[in-house]
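# Structural description and commentary
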Amino acid sequence: MLTIDRRLLTHFDWMLFSLTVCIPLVGLIVLYSAGYDPEFAVDFLGWLNVEFRSPACFKQGVYLLTGLVLMVVGMAIPTQTLYRYSFAIYGGALLLLVAVAGFGVVVNGSRRWLDVGLFKLQPAEFMKLGLIVTMARLLAKSPPKNAIAYSLRELLVPAFFILIPMGLIAQQPDLGTALSLAIVGVCQILFVGIRPKVIFGVVLAVCVLAYPAWNSLHEYQQRRVMVLLDPEADPQGSGYHITQSKIAVGSGELFGKGFQKGTQTQLEFLPEHTTDFVFSVLAEEWGFVGCTFMIAMFFCLLAAMLRVAHRSRDLFACLLVVGITSQIFAHIVINIGMVIGLMPVVGIPLPLISYGGSSLLSLLFGLGIVQGVSMRRTLFTSV
Amino acid sequence: MPRSERNQLNLGVRVIWAGALCACCLAILVGRLWYLQIVKGSFFRDRSENNRLRTIFITAPRGVIHDRNGEPLVSNRPSFNVELVVEDTPDLKKTVADVAELAGENPDELYERVSKQTKRRRFEPKIVLRDVSRDVVGAISAQRHRLPGVVVGVAPARQYPFGDLAAHLVGYIREISSDQLKSVTYSGYRSGDMVGQSGIESSLERYLRGERGVQAVIVNALGSKIGEAYTQPEIPGSNVFLTIDKRLQKVADDALVGKKGAVVVMDVKNGDILALSSAPRFEPALFTGEISKDEWSDLTDPKSYKLSNRALQGAFPPGSVFKIFVAAAALSEGVTDTHEKTFCPGFLQFGKRSFRCHKHSGHGRTDLFEAIVQSCDVFFYTIGQRLGVDRIHYYARDLFGFGEPVGLAGMEESVGLVPSTKWKESYFRNPQDKKWYPGETLPVAIGQGAVSTTPMQVARALAAVVNGGKLIKPRVVKRVVAEDGRVLEDRSQAPEIARVIDIDPAILQELKRSMLGVVEDKRGTGHAAALPEVSKIRVGGKTGTAQVSSRESGVDVEDHAWFAGFGPAEDPSLVVVALVENGGHGGAAAAPIARQIFMQYFNVQEPQKPQKTDPKKRSRVEVNRVDH
């Protein structure tokens, strides 16, 4: 199944692949600085005569290697298989989410993880994939009747599929992931098209429901949104993250303070600088030039993925790629927006850069699926 | 899955829209980054610098104040201050209340003190409590976890090895007041600095203070120090050596215990002040910690004026001590000579008024010598009348320096006053009061009336009489030596002579003879100052018993007792001026104090004879008391 068809290689998207590898490698450089720990030293690199002192970077390197293997697995899975088992994936992820609600491990006040002995599993990550394939299948199977845009009635079933996992994740509480789940689903729907009337109605409904929704938010979540509007009001409390992050980003100026010279990072004024606020580290140490370069790389990646979507064989494959693309896109915008004070502080990592195994592994797996779609674009096999 | 579906929807358009959306959103991000990093970049760069650097000021130890033999009178010791970093304290009121509870202070008072807004750098600790005990340090350290922002700092504090010895002279230091902070004199100071508030501590502040050190410390987000950006070490204050002799000072201080008054001991040849004592004294150590309201009201009680240095700041009528200088004037002006005798019937009729002599039965026929020895008022009324007030003013003020500032190390002092017709004309506004009446001259001639002087001025003037007419500028600072050994000021060389008094040395010799008579003559008013005969050391002097308020006012206040003495007779080296406020007769209250100092200075032991309890001697002392 893996190495059979030479035709697969003819449509291998080298552009997509190189970006998929380059971005995490750049991320490793940033992470080395962000996770620098003078106490930490790795022996096996001793022959290089380079002192390697960043546990976060080291572990992320290991995750990256694992992730690349996982990407090959993603490439190998035929698109048709995903189509066939989409509901199964969705159902399995949903069961895990219910299990989390039941026996999840509480960390930092939220119940997001399942302890499976060796490591902690975050079923929300599975749900992302589950939702993407399910939505792609639902939408591909019943395209808009007028061949232009969906009506409200046609959207009831997909909406149902989005809201159930979203609700389960939101109550963990993990508002960021819940929102990104919704964004992915909505992006897929929007890609196909919605009638303007429906969009208008939904916007109206959201406005009406905003008040009770606001009240149902946890206090810390409310504060995060309020702080976004006026971060200086509480610089020591909730505004600390945003204030320190803005100082880090702004103080980078045009060319940055230089590798490992970021005071905000190295002196730990910046919280969570290996995970959610890793972009601040990049901004502080590499400046506007570094940031623009990184955003440009992301844009190239998104463009490459959209090109795959465009060239894909059928609507399911296209929507599958669009779903994965929108997920990455949403994470980039939300994370960088948060770091530079345009969005509230929600726990969304920066794709391919932030330290964290599950995020990197699931992203590389997703990118493998996209590569797989690209490779099979002229294949008419019915596996 | 039918491929036809794909063609139904125009995916190309949709992909382009999606790409455009991505581009737009990312462009917004880049725009925002441009704003933060390029437009406001330098602002945030400053903020990040402020984040990591904290400035720490290090208090420099003040200079040590020594006596003339190098014995430290005021030194330094480490002390613990409870400090508070306001930025690290989320609930200031609660934390202050917790600290107050541990230290046994009033929470509201403490909070009021802490919340007083003063100029301060970010993260600069504010001193909450000064010089706390080890118990409080222990209690606070043990409770650190619930006292966010509270730190215990070590800073040098003043140590007084001899308690209140020479308290008025050395003075005290206290936290700079808000008024002082505003004044130009204290332009380089910061709130919380300790500043000399009186005495040498204040007048030599510029030498003693040293220079505070500055340390820029790199801290991490938790405020822990992780390195130093730069350090400018503190420079300890310069050490001061006074002319004070600690042993003489101790004798003077002890002699005044329980009294109000002052003692000045001065070297007549070079102007060195060997002792300068004022009573009642205060404990300068009180000011290193927090002063309670009771302690403060005790210190500022107007009944005792504990903080006032009477030797310099007290202006008193000199009484009969002044007669020496009137006599000098009379002999110089030739209004009398050493042979003229005046009859003292116990009073002098002047116009309608009768001016009494202190000895109501009268001294009989007295010459100048007798008049000084027995302190006859009538004699001095007579020669004072002949001199007139302006000639007395000229000799007392322009020659002997009464009513003229002494300028002792720049310490605060009273100027005193010797009246004159000019003074009266300018002092009173009412035309009737401006005229000087001849009858007013009489009290001036015996050191009463408007005459007032400080013990220091008396010492300076008497020194001029016994050293051959040199009015020497008294000095109390011998040397100022910087921490690195540089001598900043050295006054131990030639004395500074304000002027040489133009009086025939024979006249001064005669006055000296009379003053020896005051102590040595059996009828002398200052006999209580005489040293034991075995010592062979002769001292002279003049008593003074100054009326405080007129008898008519009905207030019965004891007179001020004065004794101004010198020794040894042959070649005087020392003057001692003792004043006991409301002490009664000078011969009884002040002369014994001077005697104690002479004994210490000349190293004379009290003879172990039963003479002390000899009934004859006792009765003579009592006679003296009745007489004067």
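Residues numbered from 1 in each chain as written. Chains lettered and ligands numbered in written order. Predicted model: local features only at pLDDT ≥ 70, side-chain atom pairs only at ≥ 80, totals over all residues. Heavy atoms only, no water.

What follows deals with the overall build of chain A. In terms of regular secondary structure, chain A is built from 14 helices and 3 strands. Taking all 383 residues of chain A together, 56% fall into the buried category. Taking all contacts inside chain A whose residues are at least 6 apart in sequence as the whole, residues at least 24 apart take part in 70%. Accessible surface, chain A as shown: approximately 16,900 Å² in total, 69% of it carbon and sulfur. (Helix = DSSP H or I, 4+ residues; strand = E, 2+ residues; numbered from the N terminus. Buried < 20%, exposed > 50% of the residue type's maximum accessible area, 1.4 Å probe, protein only. Contact = heavy atoms within 4.5 Å. Areas by Shrake-Rupley, 256 points an atom, 1.4 Å probe, with all protein chains shown as cover.)

If you look at the interface, chain B gives 39 residues, while chain A gives 54 residues. Both sides together, the interface formed by chain B and chain A hides about 4,200 Å², and carbon and sulfur atoms give 71% of it. Remark: the boundary between chain B and chain A carries 1 salt bridge. Where the side of chain B that touches chain A is concerned, the elements lending two or more residues are helix 1 (4-8), helix 2 (11-39), helix 3 (41-52) and strand 8 (213-219) of chain B. (Buried area = accessible area lost by both parts, 1.4 Å probe. Salt bridge = Lys/Arg side-chain N within 4 Å of Asp/Glu carboxyl O.)

It is worth spelling out the sheet that holds strand 1 (residues 105-107) of chain A at this point. Residue and element names in this part refer to chain A. Strand order in the open sheet formed by 3 strands is 1-2-3, with antiparallel pairing between adjacent strands. Two strands lie at the open edges of the sheet, namely strand 1 and strand 3 (120-121), each paired on one side alone. Relative to the sheet, helix 4 (residues 79-103) contacts strand 1, strand 2 (110-115) and strand 3, its axis offset from that of strand 2 by approximately 110°. (Pairing = 2+ DSSP bridges. Axes fitted to C-alpha atoms, helices over the stretch in contact; angles between N-to-C directions.)

What follows is about the confidence of the model for chain B. Residue and element names in this part refer to chain B. Per-residue confidence for chain B gives a mean pLDDT of 87, with 93% of residues at or over 70. Contacts of residues 1-7 to residues separated by more than four positions or lying in other chains number 15 contacts, the stretch itself having pLDDT below 50. Note that pLDDT drops below 50 for residues 614-628; the model gives that stretch 15 contacts with residues more than four away or on any other chain. (pLDDT = per-residue confidence, 0-100.)

Another point: the side chain of B:T336. Residue and element names in this part refer to chain B. Mapped onto the elements of the fold, T336 is located in the loop between helix 14 (323-333) and strand 13 (342-344). Since its relative accessible area comes to 7%, T336 is described here as buried. Among the polar contacts listed, one links the side chain of T336 to the side chain of E340, at a separation of 2.5 Å. Excluding its chain neighbours within four sequence positions, the residues that come into contact with T336 are A330, L331, F379, I383 and R386. (Polar contact = N/O pair within 3.5 Å; in protein donor to acceptor, adjacent residues only side chain to side chain.)

Residue and element names in this part refer to chain A. At a minimum axis distance of 9 Å, the contact between helix 2 (residues 14-34) and helix 3 (residues 55-76) shows a crossing angle of 165°. One element, helix 2, and the other, helix 3, form an angle in the roughly antiparallel class. When the axes of helix 2 and helix 3 are compared, the crossing they make is right-handed. On the side of helix 2, the interface is formed by F17, T20, V21, P24, L25, L28, L31 and Y32, while helix 3 contributes C57, Q60, G61, L64, L68 and M71. (Parallel < 35°, antiparallel > 145°, perpendicular 65-115°, else oblique. Left-handed = near helix turned anticlockwise from the far one by under 90°.)

The predicted model of chain A averages 84 in pLDDT, with 90% of residues at 70 or higher. When the elements of chain A are averaged for pLDDT, helix 9 (residues 219-229) of chain A gives the smallest value, 71, and helix 12 (residues 278-311) of chain A the largest, 94.

What follows covers helix 20 (residues 438-445) of chain B. Residues and elements named next belong to chain B. Looking only at helix 20, the buried set comprises G439, T441, L442, V444 and A445. Against helix 14, strand 14 (347-350), strand 15 (353-356), helix 16 (377-387) and helix 17 (389-399) lie the buried residues of helix 20. Just beyond helix 20, the residue with positive phi is G447, at close to 75°.

End to end, helix 7 (residues 175-192) of chain A covers 26 Å across 18 residues, agreeing with the expected 26 Å (1.5 Å per residue, within 8%). The set of residues buried in helix 7 of chain A consists of A:G176, A:T177, A:A178, A:S180, A:L181, A:A182, A:V184, A:G185, A:Q188, A:I189, A:F191 and A:V192. The elements touched by buried residues of helix 7 of chain A are helix 5 (123-141), helix 6 (152-170) and helix 13 (315-339) of chain A together with helix 2 of chain B. Once helix 7 of chain A ends, the next one or two residues include A:G193, with phi positive near 130°. (Expected span 1.5 Å × (residues − 1).)

The next thing to look at is the packing of aromatic side chains. Counted by the stated rule, this structure contains 31 aromatic pairs over all chains. Between A:F12 and A:W14, the ring centres sit 4.6 Å apart and the planes meet at 65°, which makes this aromatic pair edge-to-face. On the basis of relative accessibility, which here comes to 59%, the residue A:W14 falls in the exposed class. Residues B:F322 and B:F402 carry aromatic rings whose centres are separated by 5.5 Å and whose planes lie at 80° to one another, so their mutual orientation is edge-to-face. Note that B:F322 is positioned in the loop between helix 13 (310-313) and helix 14 and B:F402 in the loop between helix 17 and helix 18 (421-427), a separation of 80 residues in sequence. Judged by relative accessible area, which is 1%, B:F322 ranks as buried. (Phe/Tyr/Trp six-rings, centres within 6.5 Å; stacked < 30°, edge-to-face > 60°.)

In this section: the side chain of B:S414. Residues and elements named next belong to chain B. Summarising the element assignment, S414 is placed in the loop between helix 17 and helix 18. A distance of 2.5 Å separates a polar atom in the side chain of S414 from the backbone oxygen of Q313. Not counting residues up to four positions away in its chain, the partners in contact with S414 are L312, Q313, G314, A315, T454 and Q457.

It is the contact of helix 10 (residues 240-251) of chain A with helix 3 of chain B, at a shortest axis distance of 7 Å, that shows an interaxial angle of 120°. As summarised for this structure, helix 10 of chain A and helix 3 of chain B are arranged oblique, according to the angle between their axes. For the pair helix 10 of chain A and helix 3 of chain B, the sense of crossing is left-handed. Seen from helix 10 of chain A, the contacting residues are A:T243, A:Q244, A:K246, A:I247, A:G250 and A:S251; seen from helix 3 of chain B, they are B:G41, B:F44, B:R45, B:R47, B:S48 and B:N51. Looking at the contact of helix 10 of chain A with helix 3 of chain B residue by residue, the classes come out as 2 nonpolar, 7 polar and 3 charged. (Nonpolar A, V, L, I, M, F, W, Y, C, P; charged D, E, K, R; others polar.)

Residue and element names in this part refer to chain A. F279, L301, L320 and I328 are the most contacted members of the largest nonpolar core, which totals 114 residues. Looking at which element gives the most residues to this core, the answer is helix 12, with 18 residues. When residues no more than four places from it in sequence are discounted, the contact partners of L301 are L16, L19, T20, I23, I328, L352 and L367. (Core = buried A, V, L, I, M, F, W, Y, C linked by side-chain atoms within 4.5 Å.)

This paragraph deals with a nonpolar patch on the surface. Residues A:V186, A:L190, A:I199 and A:V203 make up a contiguous nonpolar surface patch of roughly 310 Å² in combined accessible area. Classification of A:V203 by relative accessible area gives partly exposed; the value is 47%. (Patch = residues over 30% accessible without salt bridge, like charges linked within 9 Å, V, L, I, M, F, W, Y side chains within 5 Å.)

Residue and element names in this part refer to chain B. Strand order in this open sheet of 5 strands is 12-11-23-22-21, and the pairing throughout is antiparallel. Two strands lie at the open edges of the sheet, namely strand 12 (273-279) and strand 21 (540-546), each paired on one side alone. Direction aside, neighbouring strands of the sheet carry axes that sit 5° apart on average. Note that strand 22 (residues 560-567) and strand 23 (residues 574-580) share 7 bridges and pair antiparallel. Of the residues in strand 23, the one forming a bridge with F566 is V575. Where helix 11 (residues 246-255) meets the sheet, it contacts strand 11 (261-267) and strand 12, and its direction lies at approximately 25° from that of strand 12. Each of strand 21 and strand 22 is contacted by helix 22 (residues 505-520), which is oriented at about 70° to strand 21, the strand it contacts most.

Residues and elements named next belong to chain B. Within this structure, the stated rule accounts for 37 salt bridges over all chains. We note a salt bridge from R62 to E201, for which the minimum N-O separation is 3.0 Å. On the criterion of sequence distance, the pair formed by R62 in the loop between strand 1 (53-58) and strand 2 (65-66) and E201 in helix 9 (residues 199-203) is long-range, its members being 139 residues apart. On the basis of relative accessible area, R62 is assigned to the buried category, the value being 8%. Judged by its relative accessible area of 0%, E201 is buried. Between R158 and E201 there is a salt bridge whose closest N-O contact spans 2.9 Å. You can see R158 sitting in strand 5 (residues 150-159) and its partner E201 sitting in helix 9, a full 43 residues away along the chain. An identical accessibility class is assigned to R158 and E201; each is buried. Linked by salt bridges that have partners in common, R62, R158, E201 and E205 make up one network.

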